[in-house]
Amino acid sequence: MNSWRYHPWVNVAFFENLNDGRILETFLRDKGVDVRTFNDKFLQNFLFLCPPHVTFRVQVRRDHFQQAVQAMDEAHPPILEKAIHCPSCGSLRVNYPQMTRKFFLPTVALHLGIIFRIIAHACYCENCHLTWNLSPDAAKVRVPRPFFPFK
C-alpha cells in the first residue's frame, strides 16, 4: 500500500507563471520529493466556467508533503516570493477558485451563482479562511514577516 498510486497530490504553491512553478518543482525534486507542476485546464474551463486567471499548481504526493514543507522552511527558496499568498496571513495554503473539489452540491450552487453573476471567482486561504479577489498584481502581495507559509 506504499505505492505512489495510493497517495493523492496535494497543493504546495500556486503561481501565475508556469516557469516559476517549474523552478520550485526542480528545487523540490532535487530534495528527493515526488512533485509536479499542474494546470487544471479541464476543471477551469468546464467545471469552474473559466476563471479570469490561469494558475499553475505545484503539487506533491501526500506522503511527501512534510518533506517538501521542511525543505522549503530550511532553504527559503526565493521563488516562493512569486507564489500567490494570502494577503492577510501570508500563507501559501490558497485555493483558486474558492469552491470545493470534494462535494458536488456546493459546486453546483456556486456555479449557479457564477452563471447568474451573483458570485465572482475568488481565492480562499485555508489557514485564516479569508476570501479575496485575485488581482492582476496577486503575486506582488507583500508577505507579512515572519514568513511561515504552511502554518
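Residues numbered from 1 in each chain as written. Predicted model: local features only at pLDDT ≥ 70, side-chain atom pairs only at ≥ 80, totals over all residues. Heavy atoms only, no water.

Peer 1: Can you help me understand the side chain of Ser 91 in this one?
Peer 2: Structurally, the position occupied by Ser 91 is in the loop between helix H3 (65–75) and strand S4 (94–95). Residue classification places Ser 91 among the buried positions, given a relative accessible area of 0%. Separated by 3.0 Å, the side chain of Ser 91 and the backbone nitrogen of Arg 93 make a polar contact. (Helix = DSSP H or I, 4+ residues; strand = E, 2+ residues; numbered from the N terminus. Buried < 20%, exposed > 50% of the residue type's maximum accessible area, 1.4 Å probe, protein only. Polar contact = N/O pair within 3.5 Å; in protein donor to acceptor, adjacent residues only side chain to side chain.)

Peer 1: What exactly am I supposed to notice about the sheet that holds strand S5 (residues 123–125) here?
Peer 2: Reading across the sheet, the three strands line up as S4-S5-S6 and stay open at both edges, with antiparallel pairing between neighbours. Looking at which strands have only one partner, the edges of the open sheet turn out to be S4 and strand S6 (131–132). As paired elements, S5 and S6 share two bridges and run antiparallel to each other. By the bridge assignment for S6, Cys 123 is matched with Trp 132. (Pairing = 2+ DSSP bridges.)

Peer 1: Please explain the nonpolar core as it appears in this structure.
Peer 2: Generally speaking, a soluble globular protein has its nonpolar side chains buried in company with each other. Grouped together as the largest cluster of nonpolar side chains are 19 residues, with contacts concentrated most on Phe 15, Leu 24, Leu 28, Val 60 and Met 72. Broken down by secondary-structure element, the contributors of at least two residues to this core are strand S1 (9–15), helix H1 (18–30), strand S3 (56–61) and H3. Among the nonpolar cores identified, the runner-up in size contains nine residues, and Cys 86, Val 94, Tyr 96 and Cys 125 belong to it. (Core = buried A, V, L, I, M, F, W, Y, C linked by side-chain atoms within 4.5 Å.)

Peer 1: Can you help me understand the packing of aromatic side chains in this one?
Peer 2: Geometry of an aromatic ring pair is reported as the spacing of the ring centres plus the angle between the planes. For the structure shown, the criterion picks out zero aromatic pairs. Just above the ring of Phe 38 sits the side chain of Arg 36; from NZ or CZ to the centre is 4.3 Å. (Phe/Tyr/Trp six-rings, centres within 6.5 Å; stacked < 30°, edge-to-face > 60°. Lys NZ or Arg CZ within 6 Å of the ring centre and 35° of its normal.)

Peer 1: Looking at this structure, how should I read the sheet that holds S1?
Peer 2: In a beta sheet, neighbouring strands are held together by backbone hydrogen bonds and run either parallel or antiparallel to one another. Read from one edge of the open sheet, three strands run S1-S3-S2, paired in antiparallel fashion. Edge strands, defined here as strands with exactly one partner in the open sheet, are S1 and strand S2 (35–38). Within the sheet, the average angular offset between the axes of one strand and its neighbour, ignoring direction, is 25°. When S1 meets S3, the two strands line up antiparallel, connected through six bridges. Considered in S3, the bridge of Val 10 is made with Val 60. The strands touched by H1 within the sheet are S1, S2 and S3, with S2 carrying the most contacts at an inclination of about 175°. Lying over the sheet, H3 contacts S1 and S3, oriented at roughly 30° with respect to S1. (Axes fitted to C-alpha atoms, helices over the stretch in contact; angles between N-to-C directions. Contact = heavy atoms within 4.5 Å.)

Peer 1: Looking at this structure, I do not really get the confidence of the model for the protein. What am I missing?
Peer 2: Detailed reading of the predicted model is not advised wherever pLDDT is low. Residues of the protein with pLDDT of at least 70 account for 63%, and the chain-wide mean is 77. The weakest mean pLDDT in the protein belongs to helix H2 (residues 41–47) at 59; the strongest belongs to H1 at 95. (pLDDT = per-residue confidence, 0-100.)

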